[in-house]
Amino acid sequence: MARSARAAFEQVGRWLTPKRMRPRLSRAYYAILDAGDTIAGRGDPLTPPRSLRRISTNPDNDYRATGREFVAFLARECGLRPEDAVLDVGCGVGRIAVALTEYLSTAGRYDGFDIVPAEIEWCRRQITPRFPQFRFHLADVRNDAYNPAGATPASRYRFPFPDGSFDVAIVASVFTHLLTPDLDNYLRELARVLAPGGRA
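Attention here is on the structure that accompanies the text. (Residues numbered from 1 in each chain as written. Predicted model: local features only at pLDDT ≥ 70, side-chain atom pairs only at ≥ 80, totals over all residues. Heavy atoms only, no water.)

## Some remarks on the packing of aromatic side chains
As a reminder of what qualifies: Whether two aromatic rings pair depends on their centres lying within 6.5 Å, for rings of Phe, Tyr and Trp, where Trp uses its six-membered ring; planes under 30 degrees apart make the pair stacked, over 60 edge-to-face, and the rest tilted. For every residue, the accessible area (1.4 Å probe, protein chains only) is compared with the maximum for its type, and the residue is labelled buried under 20%, exposed over 50%, or partly exposed between those bounds.
Considering all chains together, one arrives at 9 aromatic pairs under this definition. Measuring from centroid to centroid gives 6.1 Å for Y157 and F159, while their planes differ by 50°, and the two rings are tilted. Judged by its relative accessible area of 10%, Y157 is buried. What links up through ring pairs into an aromatic cluster is the set F113, Y157, F159, F161, F166 and Y186.

## A look at the pattern of salt bridges
Test applied: We count a salt bridge whenever a side-chain nitrogen from Lys or Arg sits within 4 Å of a carboxyl oxygen from Asp or Glu. Comment: elements are numbered from the N terminus, with helices defined as DSSP H or I runs of at least four residues and strands as E runs of at least two.
One pass over the structure, following the stated rule, counts 12 salt bridges. Two residues, D84 and R81, come together in a salt bridge whose shortest N-O distance is 2.6 Å. One salt bridge in this structure joins R192 and D163, with 2.8 Å as the shortest N-O distance. Here D163 lies in the loop between β3 (134-138) and β4 (166-171) and R192 lies in helix α6 (residues 180-193), a separation of 29 residues in the sequence. The exposure class of R192 is buried, given its relative accessible area of 15%. Each of R81, E83, D84 and R199 takes part in one network of salt bridges that share partners.

## A word on unusual backbone geometry
Even without a glycine there, the phi angle at S173 is positive, about 55°. The residue S173 is located in the loop between β4 and α6 in this model. A relative accessible area of 52% means that S173 is categorised as exposed.

## Examining the side chain of T101
Our working definition: Counted as a polar contact is a pair of N or O atoms within 3.5 Å, where, for protein atoms, one must be capable of donating a hydrogen and the other of accepting one, and residues adjacent in sequence contribute only when both atoms are in side chains.
Mapping T101 onto the fold places it in the loop between α4 (95-100) and β2 (109-114). Polar contacts involving the side chain of T101 include one to the main-chain carbonyl oxygen of V98, which spans 2.5 Å.

## Thoughts on the nonpolar core
Going by this rule: Residue types Ala, Val, Leu, Ile, Met, Phe, Trp, Tyr and Cys, when buried and joined through side-chain atoms within 4.5 Å, form a set referred to as a nonpolar core. Pairs of residues are marked as contacts when any of their non-hydrogen atoms sit within 4.5 Å.
L100, Y110, I127, F134 and F136 are the most contacted members of the largest nonpolar core, which totals 26 residues. Looking at this core, the elements with two or more residues in it are α3 (63-78), α4, α5 (117-126), β3 and β4. Ranked by residue count, the leading element in this core is α4, at 5 residues. When residues no more than four places from it in sequence are discounted, the contact partners of F134 are A97, L100, T101, L104, Y110, I127 and T128. One finds F113, F159, A169 and L190 within the second-largest nonpolar core, a separate group that totals 20 residues.

This is the structure:
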């Protein structure tokens, strides 16, 4: 569907639907596009369907290129090495993980966690079987937008890893979703799980 048609659809949706209905209509719209991709034989097993991507207001953005940009940034600014142990806090649907599959060696490893079950399930199904050193964990953290029934407030969530487990930690588009007590806790947890000399 042309970009202008999608924009018109989204604008009409904003005018005609209650705020709570917008996410449902948006998911339905992208599910139709995903079905079209499947029927046409388009798609890449390491690129999630549009209906799972929530990394920007434009789910058609280049998922793979954006992940590679993050990896280049981590190598340049954090000294990321192919043999590093990497933690991805709020990994979502694996945007950075997929890019790291092209960068980390078999001596490196990756752990990501997120609070959205469907996104973690996709990563476990599509990434881990191809790259066993990439693991994904569901965090049952309460969040009004993404996991309102979560059992643990972010201010009390303990990352499910031992002290000093990682060389590099990534936190992309997470802190904007946290209140101050939650942020304080996540910073403490990052400090705990990073090895001496670890970078975030």
